Each structure stands twice: as C-alpha cells, then as structure tokens.
Amino acid sequence: MSDRIKMIGNKIRLMRVSKGLSQQSLAKEIGITQAHFSNIENGRCNATIDVLLRLHDSLQTPMAAFFEEIDEQDSMSLAKQNKSSGIDVDDLLAVLQLLKQAK
C-alpha cells in the first residue's frame, strides 16, 4: 500500500488511542471486523469513504483530521494522555518515524 494509506492508518490509530478505545470496540461501533480495522490501521488496506465517515462520527473528529500530518509534539501529547492505554512514548515515536519516512 502507499505511504499515504499508511499515514492515514497511523492517524486513525493515534485518534483511537487518544480516545482510550480498543480496536475491537471501535470496529464494532463502526460495523467492521477487528481484523479489517487492524488492516486499515496498519496500512494494509484502504479505508473507504463510508468507513471514514463512520470513524468521523464515532471519534467526533473533523474529516480533515484523517489527512493532516502528525508531528512529534502531537505524538508526545498523545503519549502523555494515554499512559494507561498500553501504548507508550516509544510506540508513538516509532509511528512518527514511519510517517517522516513516508514523506
């Protein structure tokens, strides 16, 4: 898949984590399987417009947010907010590094 698809998947992951949601719970809420949701987050498949619209509603975020770039400060802020989520700063920084490589 393209680097842009991976970037969108990473952005979805960061939004989900920032809300304290599991893949399973968010996937169920938007009506897709957890496996499909995982593939979207990992950039292995495209998120359809319909899925993005459902994510937009569930995450209460602007549609444009899926396409905005992630910077290091955003990653650090999310890490601080979500220490209990099981995702640590190193994980978020690894995502950031992947996004920088995608540019």
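From a predicted model like this one, the values you see are computed outputs, not experimental measurements.

K.L.:
Before we move on, can you summarise the environment of Gly-9 with the specific residues and values?
P.N.:
Along the chain, Gly-9 falls in helix α1 (residues 3-18). The spatial distance from the C-alpha of Gly-9 to the C-alpha of Ala-47 is 8.2 Å, given a sequence separation of 38 residues. If we ignore the near neighbours within four places in the chain, the residues touching Gly-9 are Ile-40 and Glu-41.

K.L.:
Talk me through the nonpolar core; I want residue IDs and the actual numbers.
P.N.:
Ranked by internal contacts, the top residues of the largest apolar core, which has 16 residues, are Ile-12, Ile-30, Ile-32, Phe-37, Leu-55 and Phe-66. For this core, the secondary structure elements donating two or more residues are α1, α2 (23-30), α3 (34-41) and α4 (49-59). Sorting elements by how many residues they give to this core places α4 first, with 4 residues. Once residues lying within four places of it in the same chain are set aside, the contact partners of Phe-37 are Ile-12, Arg-16, Gln-23, Leu-26, Ala-27, Ile-30, Ile-32 and Leu-55.

K.L.:
Can you tell me about the environment of His-36, naming the residues and giving the values?
P.N.:
Its place among the elements puts His-36 in helix α3. For His-36, a relative accessible area of 29% corresponds to the partly exposed category. Placed 11 residues apart in sequence, His-36 and Ala-47 show a C-alpha to C-alpha distance of 9.3 Å.

K.L.:
Talk me through the pattern of salt bridges; I want residue IDs and the actual numbers.
P.N.:
Using the criterion set out here, one finds 3 salt bridges in the structure. Across the pair Glu-41 and Arg-16 runs a salt bridge, and its minimum N-O distance is 2.6 Å. Remark: Arg-16 occurs in helix α1 and Glu-41 occurs in helix α3; sequence separation between them is 25 residues. Neither Glu-41 nor Arg-16 differs from the other in exposure class; each is buried. Linking Arg-54 and Asp-50 is a salt bridge whose minimum nitrogen-to-oxygen distance equals 2.4 Å. Of this pair, Arg-54 and Asp-50 both sit in helix α4, separated by 4 residues, roughly a single helical turn. Overlapping salt bridges bring together Arg-13, Arg-16 and Glu-41 as one network.

Definitions and cut-offs
Residues numbered from 1 in each chain as written. Predicted model: local features only at pLDDT ≥ 70, side-chain atom pairs only at ≥ 80, totals over all residues. Heavy atoms only, no water. Helix = DSSP H or I, 4+ residues; strand = E, 2+ residues; numbered from the N terminus. Contact = heavy atoms within 4.5 Å. Core = buried A, V, L, I, M, F, W, Y, C linked by side-chain atoms within 4.5 Å. Buried < 20%, exposed > 50% of the residue type's maximum accessible area, 1.4 Å probe, protein only. Salt bridge = Lys/Arg side-chain N within 4 Å of Asp/Glu carboxyl O.

In short, shape yes, function no, at least from these values alone.
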